[in-house]
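# Understanding the architecture of this molecule
So you can see what is in the structure, the chains are spelled out below.
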Amino acid sequence: MFVLPPQVEFAINKLTAAGYEAYIVGGCVRDVMRLAEPSDYDITTSALPEQVIAVFKGEKIIETGLKHGTVTLLKEGMPLEITTYRIDGDYTDNRRPNSVTFTANIKEDLARRDFTVNAMAFSPKIGIVDAFGGKKDLKNGIIRSVGDADRRFNEDALRIMRALRFASVLGFTIAEETKKSIIKNRELLKNISAERIAAELIKLLCGKNAKDIILEYYEVLEVILPEIKGMQGFDQKNRWHIYDVLTHTAVAVENTPSIPALKLAALLHDCGKPDTFFTDDKGVGHFYGHPEISFKKAKTAFARLKLDNATTELALTLIKYHDTPIEPTEKAVKRALNKITPDVFFSLLDIKRADNLAQNPELTADALVTIDTLGKIAKEIIEKGDCFSLKDLAVNGNDLINAGIPAGKELGKALDFLLDAVISERVKNEKQALLSYLNILL
Ligand code: ATP
Ligand code: MG
């Protein structure tokens, strides 16, 4: 029915030949059934962990989580997690079961899984085991809790974020009773670690349905990101905008490339707007200085989410400059390339484009053309190998020291001065020309 990788076939055959049951289970079954490539294959089996280890004697085995019944088989470069059928014990912290017990019944293992589409197992001999209507929900594009939604979200509140994430990534709808329970139990997310929330949030934002999920589950996202409070229904009272701040944000996220830092920047780029809003005497809305406020709020949010430094830095830079105009001239582009580096510059254009695509389409045509022009100018500068940073400058610190400039602050100033002169085309980027230019001024 489905073609499985040879390593997966090998593991299932080996376990069944030894008299145990074995299936692929969870996300990989869901993905195989919707004809998508699974990110990894998980195997579930009636064999106890020691029995799994015995079956794969001579193979590369890692005892990943024996207490939870998981053994990893490394077969021809593919890691396969093999987990014994398991029942999760009571949950008292909205996060993890206090204990787990093994069972001989696959249905009990499927019952502990989060959503019906993730609660199916498959083996080439037996076919699909679907105890909770996962097949039907998959066909109809529905995310539905296995069993009582309230109980399941209370057991492990991360499932709230997982529901939103799967809905966004797969383009599915969340079943009505599951949705009600998510809204009701959203505050439980406060018990979940920042790292796990951040991982789900990023996947959600990179999903194809992120816009709809942001709009529909705004009050859930507010729990993990209070920085977005005040966006919903916030009328911008400005002809450039046809959306409230929240819809503008959601549309901007939708139009941003699927790179975590860019999506996060798009999500928070305007969170400072409600704080800076005022109307002038004509009743037109303005948000002067909002990027700086968005930057500050985003900084707090990223620290709380324990985002890594590189993602934080990039997202914050994009937020800071998202509204700063750049003239479509070589000089202005060179200055920008020097200030933020080419990679960040191209990401900034992506954010500016997404921001404009979420404004009044009758007014943004010129801005969008300018953004494309900026990209072309930057590419040309880089292709030509033109100088736009100190490392391209035809003189370095040593040259200037030899020319009599004292090391220290003065030196840095002189180099910046020469770079600016080159970018402004007041002098050629050649060693002699630069040294003579400096001499005139000394
Ligand atoms: P992905 O494509 O992101 O890997 P996935 O469905 O495989 O999606 P995993 O986090 O790899 O998700 O988990 C594998 C399976 O384990 C899930 O399909 C689900 O059956 C189960 N699972 C994972 N996390 C939970 C949870 N918090 N509560 C209940 N079941 C879970
Ligand atoms: Mg997985």
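Residues numbered from 1 in each chain as written. Chains lettered and ligands numbered in written order. Predicted model: local features only at pLDDT ≥ 70, side-chain atom pairs only at ≥ 80, totals over all residues. Heavy atoms only, no water.

## A few points about the site of ligand 1
- Among the 15 residues in the neighbourhood of ligand 1, the closest are listed as R30, N118, D156, R159 and R165.
- For ligand 1, an oxygen atom lies 2.9 Å from a polar atom in the backbone of G27.
- With the chains in place, 76% of the 590 Å² that ligand 1 exposes on its own is no longer accessible.
- Of all the elements in the fold, those that place two or more residues in the shell around ligand 1 are α2 (27-33) and α7 (158-170).
- Per element, the largest residue contribution to the shell around ligand 1 is four residues, and it comes from α7.
- In terms of residue class, the shell around ligand 1 is built from one nonpolar, four polar and ten charged.
- Residues from two domains meet in the shell around ligand 1; each of domain 1 (1-140) and domain 2 (141-224) gives at least three. (Near = heavy atom within 4 Å. Polar contact = N/O pair within 3.5 Å; in protein donor to acceptor, adjacent residues only side chain to side chain. Areas by Shrake-Rupley, 256 points an atom, 1.4 Å probe, with all protein chains shown as cover. Helix = DSSP H or I, 4+ residues; strand = E, 2+ residues; numbered from the N terminus. Nonpolar A, V, L, I, M, F, W, Y, C, P; charged D, E, K, R; others polar. Domains from an automatic or database assignment.)

## Brief notes about the domain arrangement of the protein
- Per the domain assignment, the segments making up the protein are domain 1 (1-140), domain 2 (141-224) and domain 3 (390-440).
- Distance from the C-alpha centre of domain 2 to the C-alpha centre of domain 3: 56 Å.

## A short note on a nonpolar patch on the surface
- Taken together, the side chains of F417, I440 and L441 present a nonpolar region at the surface, about 310 Å² in accessible area.
- By the element assignment, L441 lies in helix α22 (residues 431-441). (Patch = residues over 30% accessible without salt bridge, like charges linked within 9 Å, V, L, I, M, F, W, Y side chains within 5 Å. Salt bridge = Lys/Arg side-chain N within 4 Å of Asp/Glu carboxyl O.)

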